[in-house]
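Chain by chain, the residues run as shown.
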Protein chains: 2
Amino acid sequence: MKSLNIKSNIHNYQVDFKENLSFIKTLLKLEKAIFVIDKNVYKLYKKEFKNISKDKLLLLDAIEEKKTLKSVQKIYEFLAKEDAKKNITLISVGGGITQDITGFVASTLYRGIRWIFIPTTFLAQADSCIGSKTSLNFKSYKNIIGGFYPPHQIYVAPKFLQTLNKKDFYSGIGEVIKFALLKEKYPKNIDKIIDMVESLKADKNQLQIIRKTMSVKQEYIATDEFDTGKRNLFNYGHCFGHALENASHYKIPHGIAVTIGMIYANIVSCERGLISKKVFNKLNNKLLLPNIYMKLKLSYFDENILLESMKNDKKRVGKDLTIVIAVDNDIRAKKLDDLSFSEFSKTYSQLLKILEIK
Amino acid sequence: MKSLNIKSNIHNYQVDFKENLSFIKTLLKLEKAIFVIDKNVYKLYKKEFKNISKDKLLLLDAIEEKKTLKSVQKIYEFLAKEDAKKNITLISVGGGITQDITGFVASTLYRGIRWIFIPTTFLAQADSCIGSKTSLNFKSYKNIIGGFYPPHQIYVAPKFLQTLNKKDFYSGIGEVIKFALLKEKYPKNIDKIIDMVESLKADKNQLQIIRKTMSVKQEYIATDEFDTGKRNLFNYGHCFGHALENASHYKIPHGIAVTIGMIYANIVSCERGLISKKVFNKLNNKLLLPNIYMKLKLSYFDENILLESMKNDKKRVGKDLTIVIAVDNDIRAKKLDDLSFSEFSKTYSQLLKILEIK
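Scoring rules and cut-offs
- Residues numbered from 1 in each chain as written.
- Chains lettered and ligands numbered in written order.
- Predicted model: local features only at pLDDT ≥ 70, side-chain atom pairs only at ≥ 80, totals over all residues.
- Heavy atoms only, no water.
- Helix = DSSP H or I, 4+ residues; strand = E, 2+ residues; numbered from the N terminus.
- Contact = heavy atoms within 4.5 Å.
- Buried area = accessible area lost by both parts, 1.4 Å probe.
- Salt bridge = Lys/Arg side-chain N within 4 Å of Asp/Glu carboxyl O.
- Polar contact = N/O pair within 3.5 Å; in protein donor to acceptor, adjacent residues only side chain to side chain.
- Nonpolar A, V, L, I, M, F, W, Y, C, P; charged D, E, K, R; others polar.
- pLDDT = per-residue confidence, 0-100.
- Buried < 20%, exposed > 50% of the residue type's maximum accessible area, 1.4 Å probe, protein only.
- Lys, Arg positive; Asp, Glu negative; His and termini not counted.
- Least-squares fit on C-alpha atoms with pLDDT ≥ 70 in both.
- Phe/Tyr/Trp six-rings, centres within 6.5 Å; stacked < 30°, edge-to-face > 60°.
- Lys NZ or Arg CZ within 6 Å of the ring centre and 35° of its normal.
- Expected span 1.5 Å × (residues − 1).

With that out of the way, let us pick up unusual backbone geometry. Notably, Arg 111 of chain A is not glycine yet its phi reads approximately 55°, a positive angle. Looking at the element boundaries, Arg 111 of chain A is found in the loop between helix H5 (96-108) and strand E6 (114-119).

Quick look at the structure:
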């Protein structure tokens, strides 16, 4: 499959799509390269990585609680002792958390080192691996630290998805749906999106769908890499979604939180008369509710924590809350900065009803 | 004096040149602005800043030992509690250390916030305030952490230099000489550079000379902001200079270390036959040695520490050491990556002789 070439203000880069894992052999031969690998991925694919010598390999405990400057400093320390400085290559293998931590390292060590990234989750393959963002948590604030720095080279290999658990697979579906809704004319093409999701679930055309989802994202970042305008719209489903990840202590994975966040954003749209009730119901019943997959507990939905998290959204600009919503019957998203606390409370009650959470 | 407009891959920005400090009044009225000020500067210029409310002001202990992620995290914490997130403005006031710490914060909080910088040292005004670099120390490694992120707006006001101590003033002269040597044809224009330095010392034409020095730097960064080629040459005097700062425990200020570093680099050039003995002597006697200003102690020159620091230079690419040197009788600099340990030892002994350090 044809590579995707992505332009960036930092440095241009390339995504290669791989049917199997034999490309890893070539990477093992690279000089001055250090591997940082999610320790679970390493266990599952030990055969592929077994030839890396101990002093060139760091295993990462890639959990949300470790997405901090402390983990970053461990990697700095591991890399700084190498003789090669600015011309070192960091090769990281794992999902979004691995990407966030190692991307921050790559961008801030020696003011930027060469970085090769191999995403191993559906979410990282279809979405986060492109777009240049790095993120860390700081104290109770989610993702507030970070910058822009893309890998120099990305290898997407759906082979890795064979060991992914179902919940994380559905997490990827959430973002695929979001990009499809940002791209496709609605309601004309809603059935196309439903078919695509069914195809994904049947393990069909994964590489094609991943590439297509990336292409939608690529269009947006081409003109707004630094997220000062159009790219804001990627936050459709995310303003509430991030808050929900936080409130559930990350029991709800990112993409599923985004799916629920899209339902929430649609409630706000519908209440403001920006999408019709008919559109609202069809999106819920055909596309969003059927793809939540996991059982949602009442304890994940603490209103105070959710409100506090929404207040800490880095997109927030003033007194009220910020949310990206769908507008009209055409799913063109829009950023609102005037979601009042009382409007939040009211729309939030509706969400609990729709999700049947008691 | 006309503003300088600087193009950047991150965001374009502007330098305004100010004869007095009245511009600060306007900044005090900015909404959603937080001031981070070097505590010494605050004490000296309290009158100018006295109207900033306590919750909008953070004083910084701007010493080399505090140029760490720990200081960065204190500022994150102070800023994160504000309601305004991505649209907050950070206004920082101080020298290069203040710039390094607050620039790192501005670039990594909410993936980049608006940042206004007021440099208060000669070095920061004439050199470091433009060029986008941010730097932190990590463990024993100097400046290895950092990225690229310019202020959105810079105000240069030589009024601040009136309270600068002589040693720090000479520190600025070191960088001014370096940029002049990178720019002017030698030996034809050597006397022009000597005159310029004399004018600086007599407090004459400071604003003009600062602007001119900046313009030289601007030329280089216009084509190589991310320091992958031409901009390397700014490290003339710096490879050894950084090591010396470290070995002297920062008793030797940056620009003076750079002046000594230029002498050292010229020894390497001269030994390799890349500059003539005549040029070498004229540079030393007329321009470099007379502007060291401070007394140099033998204890600053521990060969082992110097060698270890040279090894940790982030520009180093392999087994040997890296140094930027002058070439020919025309001071065009060049980066060498093959300075062997034995060559270092030999040229280093010559430096001690020239500096008359026993």
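Moving on: the interface of chain B and chain A. In this assembly, 40 residues from chain B lie in contact with 41 residues from chain A. Roughly 3,600 Å² of surface becomes buried between chain B and chain A when both sides are summed, with 58% attributable to carbon and sulfur atoms. When the buried area of chain B at its contact with chain A is split by residue, Lys 85, Arg 111 and Lys 314 of chain B rank highest and sum to 21% of it. For the pair chain B and chain A, the interface holds four salt bridges. Between Asp 83 of chain A and Arg 316 of chain B there is a salt bridge, and its shortest N-O distance comes to 3.7 Å. Applying the counting criterion to the chain B and chain A interface returns 20 residue pairs in polar contact (both at pLDDT 80 or more). For the side of chain B that touches chain A, the secondary-structure elements that each account for two or more residues are helix H4 (69-80), helix H5 (96-108) and strand E8 (141-145) of chain B. Looking at the side of chain B that touches chain A, its residues break down into 15 nonpolar, eleven polar and 14 charged.

Let us look at the confidence of the model for chain A. Predicted coordinates in regions of low pLDDT should not be interpreted in detail. Mean pLDDT over chain A works out to 94, with 98% of the residues at or above the 70 mark. Listed scores for the predicted complex are pTM 0.91 and ipTM 0.90.

Here Arg 111 of chain B sits buried without a salt bridge, and the closest side chain of opposite charge, Asp 227 of chain A, lies 5.2 Å off (N-O distance). A distance of 2.4 Å separates polar atoms of two side chains, one belonging to Arg 111 of chain B and the other to Ser 135 of chain A. Residues in contact with Arg 111 of chain B, not counting those within four places in the same chain, are Lys 133, Thr 134, Ser 135, Ile 144, Gly 146, Gly 147, Phe 148 and Lys 314 of chain A together with Lys 86 of chain B.

Residue and element names in this part refer to chain A. Looking at the element boundaries, Lys 201 is found in helix H8 (residues 190-201). Accessibility expressed as a relative area gives 25% for Lys 201, which makes it partly exposed. Leave out the neighbours within four places in its chain, and Lys 201 touches Phe 169, Tyr 170, Ile 173, Pro 290 and Asn 291.

Here we take up the relation of the copies chain B and chain A. Mapping chain B onto chain A calls for a screw motion: a turn of 180° about the axis and a shift of 0.0 Å along it, with 0.0 Å RMSD after fitting. Taken together, the rotation and translation relating the two chain copies correspond to the operation of a two-fold axis. Residue Asn 9 of chain B, judged by its C-alpha, is the member of chain B lying nearest the rotation axis, at 2.9 Å. Residue by residue, 100% of the interface of chain B is reproduced at the interface of chain A, so both copies engage with the same surface.

On to the packing of aromatic side chains. All chains considered together, the criterion is met by 32 aromatic pairs over all chains. Seen in terms of ring centroids, Phe 122 of chain B and Phe 169 of chain B are 5.0 Å apart; in terms of plane orientation they differ by 15°. Their pairing is stacked. One end of the pair, Phe 122 of chain B, is in helix H6 (residues 122-128); the other, Phe 169 of chain B, is in helix H7 (residues 166-183), and 47 residues separate them in sequence. Among the aromatic side chains, those forming a connected cluster through ring pairs are Phe 122, Phe 169, Tyr 170 and Tyr 293 of chain A. The ring of Phe 78 of chain A carries Lys 81 of chain A above its face, with NZ or CZ at 4.0 Å from the centroid. Over the ring of Phe 179 of chain A we find Lys 178 of chain A, and its NZ or CZ is 4.1 Å from the ring centre.

All names here are of chain A. Between its terminal C-alpha atoms helix H7 (residues 166-183) stretches 26 Å, which fits the 26 Å expected from 18 residues at 1.5 Å a residue. For H7, the tally of buried residues reaches 14 of 18 residues, placing the bulk of the element in the interior. At the N-terminal end of H7, a side-chain oxygen is found 3.0 Å from the backbone nitrogen of Lys 167, two or three residues along, and the residue is Asn 165.

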